[in-house]
Amino acid sequence: MGKRKVRVAVIFGGRSGEHEVSLASAASVMQAMDKDRYEIHPIGITRSGRWLVGGDPMQALQSGVAERALLGTGEEARDSRGGLVVGARGALVPGMEEVHFPDVDVVFPVLHGPYGEDGTLQGLLEMADMAYVGAGVLGSALGMDKVAMKDVFRARGLPVAPYVHLLARDWRARPEEWVARIEAELGYPCFVKPANLGSSVGITKAHHRSELERGMEEAAQYDRKLLVERGINAREIEVSVLGNDDPEASVPGEIVPSNEFYDYAAKYLDGKSELLIPAPISPEQTRRAQELAVRAFAAVDCAGMARVDFLLCRDSGELYVNEVNTIPGFTAISMYPKLWEASGLPYPQLIDRLIELAIERHEERRRLRSEYPGARREG
Ligand SMILES: Nc1ncnc2c1ncn2[C@@H]1O[C@H](COP(=O)(O)OP(=O)(O)O)[C@@H](O)[C@H]1O
Ligand SMILES: [Mg+2]
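Summary of the structure given here. The structure presented is a predicted model; accordingly, all values stated were derived computationally and were not measured.

## Quick word on the site of ligand 1
Reasoning step 1: The immediate surroundings of ligand 1 are formed by 20 residues, with F191, E229, I232, F261 and Y262 found nearest.
Reasoning step 2: Elements with a minimum of two residues in the shell around ligand 1: β6 (190-194), β8 (225-230), β9 (234-243), β13 (304-313) and β14 (319-325).
Reasoning step 3: Its residues assigned to classes, the shell around ligand 1 shows nine nonpolar, five polar and six charged.
Reasoning step 4: If you count residues domain by domain, the shell around ligand 1 takes at least three from each of domain 2 (162-230) and domain 3 (234-363).

Quick look at the structure:
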């Protein structure tokens, strides 16, 4: 007669370009979860934003059944409408009608990029008063917007590579002025980025003016907000952080990209980038990276987990905080869980800890709310 199982909804797929990565991460998470402790409720989201609840949403998304079912409904296109529950207007996938959002104790969003890692889903879960793994609305939103994130890092005294930010419309209106300013303040090489994507999509390295101009046009196709950063001759160091208000840092790891920088192909396509765990850096650099990782986590109001990525300058030895990822890649061979494993916390226990942290944080928020003194009625 064991305790009641903890009911966990694992959400995956979604509308971002990282749909497949999310499926891979979520499949690993569900596989590793202890079935004696957890009752798992898988929830899939199609590329068009339709939610699949009940049945086997992972299979429906991996096999393409769900996407095919949407063909001809006018909803397969990217500009389709979404919806929270499938089945309200008939079954999308056989066996998936008549479903409700499951009654669960905690939600584990395993969604990378926009519409999942960016605070939108977190806002929905807050509205529904549900416990969920990972950062809240603010931390998620700051983690997704590279300009807002760097502004906060800078305000908190964290070292970041020098940058310039602008709107795509500013660029279109006065490209010569921006080129002059970027050349004066940053020089070449520099990195041009859309503020709001992930997986290196839309990011280019500019070695000279015409590449800068092309890079701006490229990035402007993805976002209205753009960021240009000084190119650091860098090694890429990453640290996993775990906890709520008293977070801990893992041993650092190093990524050795297979391309000139860690672009989309190097991340997902050629499989040739290497992970070095622990990173071959000095004890001092290790300590510094861990300290900065915890400060960066707190600066953007993260919770539960985040992977903090650094650029370690080969020339000066200086560490720059590059970004936080609030829902990092989570397959069993991804950097985030690998770093915890190397720090003594195996993958299944990492999942246990994340679920505990989600419940703790939710309970803490509930306590705060119940003490709200304005609940007195007028009259
Ligand atoms: N300022 C920079 N200097 C050197 N390399 C950079 C810089 N900014 C980005 N890069 C390279 O581009 C990659 C992707 O940039 P990043 O800001 O991490 O975007 P994403 O959120 O898409 O991962 C980094 O992993 C690194 O290889
Ligand atoms: Mg990155």
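## Details of the sheet that holds β6
Reasoning step 1: Spatial strand order, β5-β8-β6-β7: four strands in an open sheet with antiparallel pairing. Single-partner strands in this sheet number two, and they are β5 (163-167) and β7 (204-206). The sheet shows a mean angle of 25 degrees between the axes of neighbouring strands, taken without regard to direction.
Reasoning step 2: Note that β5 and β8 share five bridges and pair antiparallel. Across the sheet, Y163 pairs through a bridge with E229, a residue of β8.
Reasoning step 3: Contacting β5, β6 and β8, helix α8 (residues 175-185) crosses the sheet at an angle of about 165 degrees to β5.

Analysis parameters
- Residues numbered from 1 in each chain as written.
- Chains lettered and ligands numbered in written order.
- Predicted model: local features only at pLDDT ≥ 70, side-chain atom pairs only at ≥ 80, totals over all residues.
- Near = placed C-beta within 6 Å.
- Helix = DSSP H or I, 4+ residues; strand = E, 2+ residues; numbered from the N terminus.
- Nonpolar A, V, L, I, M, F, W, Y, C, P; charged D, E, K, R; others polar.
- Domains from an automatic or database assignment.
- Pairing = 2+ DSSP bridges.
- Axes fitted to C-alpha atoms, helices over the stretch in contact; angles between N-to-C directions.
- Contact = placed C-beta atoms within 7 Å.

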